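# Structural overview for review
What follows is each chain in one-letter form.
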Amino acid sequence: MRIGLFTDAYHPIVSGVSVSLEILKRELEKLGHVVFIFTHEHPMQTEDPSIIRCKGKTLPMKSMKEYKVSKVTNKNINRVLSFNLDIIHCHTEFSIGRLGRKAARRAGIPVVHTYHTMYEDYCHHITKTFARPLRFISKIYSKRFANSADQVIFPTIKVKRTFDRYGFEKHSEIIPTGIYLDRFRRINFKESEILDLKISVGLSKDDFVWLFLGRLSREKNIESMIKEFSKLNLPKNNKLLIVGGGPDIELFKKLVIKLGLTEKVLFTGMIKPNLVPIYYHLANLFINFSDTETQGLTFIEALAAGLPVIAKYDDNLEGVIIDHYNGLTFNEVSEFRDTFYELTENKVKFDEITNNASKAIEQFSAQNFALNIERVYKNTLEKAN
């Protein structure tokens, strides 16, 4: 098959969608398919003939400055048609997604659509004043775009349930994004490497390290995580390591200073994607307070690295965190303290959950991900012919 993946977010933009598409492209190519990614230009892009980039205008919002919008022009449609695609897979509802849908209609080929982002959780980044009506509009638009596709894929049951609430009634599939699980195994790293990195970020060898890794923005509930960390009566060697960058990093740094935690809460800033796996091995525990994730790839990465997880319960964790097996969940922030002590004050339980962390996640392998997507493509093409 000649496959086109259409996205507004791709490398060098750092996001879960970028990672997902990079993996999908590589694994589909291993299965013998020809895969192109259609996206926007980026000032730091690398040249790759299989990555087709369109011009666009930068969004004015500071938190979305890496993203662009563009018009669906006949020139771009004809450019897509020149690749003689068999199927188009949209990973956005906006500029590039609309381009893919329009090109598919003109070529008479089917469209598969994956819904990645819960836009209603991100409207505050665009406008605080009109966030509520924008949430309503985003629901209508997302549902309408999904209805226009021949087949819809949701990465988690959470996203499907959200669309059920929107009134979406077409057939859909739930296919979790896969990752290269082996990349995160401790066996890949020398203990000296891990220790050197630990010291370089301000940790010591004997520190008990909590880890948050991800985009630093308000909807991730990082503020609550920092505040709860400050309330616990912890030994001095307990540290919170926050890895990543994002629009609200300065807000969180100011909070840390206000709470007098500058020696206990450490920020690394943005790190290169190829360095992500080793950072998990600086930690003893993975913590996440977010309930706005659609996939939560970092949970799977943490488990693959052998880290037990404590997380605020969310539907997207179904089948990922098995409570009291490879991690613990809490429903309200007020419950976090008891959950934390339940895990960390029982060494036998902590060791047992740590040993279980990397088990039962094979379903999230990159290979299974690509095989499931390939199956959807074949079924969709059969129905179209």
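Residues numbered from 1 in each chain as written. Predicted model: local features only at pLDDT ≥ 70, side-chain atom pairs only at ≥ 80, totals over all residues. Heavy atoms only, no water.

### Focus on the packing of helix 2 (residues 74–81) against helix 3 (residues 95–107)
The line we're drawing: The axes are straight lines fitted to the C-alpha atoms, using for helices just the contacting stretch, and the angles between their N-to-C directions are given from 0 to 180°. Per the convention used, a helix needs a DSSP run of H or I reaching at least four residues, while a strand needs a run of E reaching at least two, with both numbered from the N terminus. Note: crossing handedness is left-handed where the near helix turns anticlockwise from the far helix by less than a right angle, and right-handed where it turns clockwise. Note on definitions: a residue-residue contact is assigned when non-hydrogen atoms from the two residues lie within 4.5 Å. All amino acids are sorted into three groups, where Ala, Val, Leu, Ile, Met, Phe, Trp, Tyr, Cys and Pro are nonpolar, Asp, Glu, Lys and Arg are charged, and the leftover types, Gly among them, are polar.
At a minimum axis distance of 9 Å, the contact between helix 2 and helix 3 shows a crossing angle of 65°. Note that helix 2 runs across helix 3; the crossing there is right-handed. Contact with helix 2, carried on its side by Asn 74, Asn 76, Ile 77, Asn 78, Val 80 and Leu 81, involves Leu 99, Lys 102, Ala 103, Arg 106 and Ala 107 of helix 3 and no other residues of that element. Split by residue class, the contact of helix 2 with helix 3 holds 6 nonpolar, 3 polar and 2 charged.

### Section: the packing of aromatic side chains
Two descriptors summarise a pair of aromatic rings, namely the distance from one centre to the other and the angle between the planes of the rings. What counts here: Here a pair means two rings of Phe, Tyr or Trp (six-membered ring of Trp) with centres within 6.5 Å. Their orientation is stacked below 30 degrees between planes, edge-to-face above 60, and tilted elsewhere. Exposure categories follow from relative accessible area, calculated using a 1.4 Å probe and restricted to protein chains: below 20% of the type maximum is buried, above 50% is exposed, and the middle band is partly exposed.
Throughout the structure, instances matching the rule amount to 21 aromatic pairs. With 5.4 Å between their ring centres and 10° between their planes, Phe 94 and Tyr 141 make a pair best called stacked. Placement of Phe 94 in the loop between strand 6 (87–90) and helix 3 and of Tyr 141 in helix 4 (residues 131–147) is noted, with a sequence separation of 47 residues between them. Measuring from ring centre to ring centre gives 5.4 Å for Phe 330 and Phe 336, while their planes differ by 65°; the resulting arrangement is edge-to-face. Judged by relative accessible area, which is 1%, Phe 330 ranks as buried.

### A short note on the sheet that holds strand 1 (residues 2–6)
Rule in force here: A pair of strands is treated as paired once DSSP finds two or more bridges between them.
Judged by pairing direction, the sheet is parallel, and its 7 strands sit side by side in the order 3-2-1-6-7-8-9 without closing on themselves. Of all the strands in the sheet, the pair left with one neighbour each is strand 3 (51–54) and strand 9 (172–174). Between one strand axis and the next, the sheet turns by 20° as a mean value, whatever way the strands run. Note: strand 1 against strand 6, 4 bridges, orientation parallel.

### Details of the confidence of the model for the chain
Stated formally: Per residue, pLDDT measures the predictor's confidence, with a range of 0 to 100.
In the predicted model, the chain carries a mean pLDDT of 92, and 94% of its residues have values of at least 70. Under a pLDDT of 50 for its full length, residues 123–127 has, in the predicted model, 18 contacts with residues more than four places off or in other chains.

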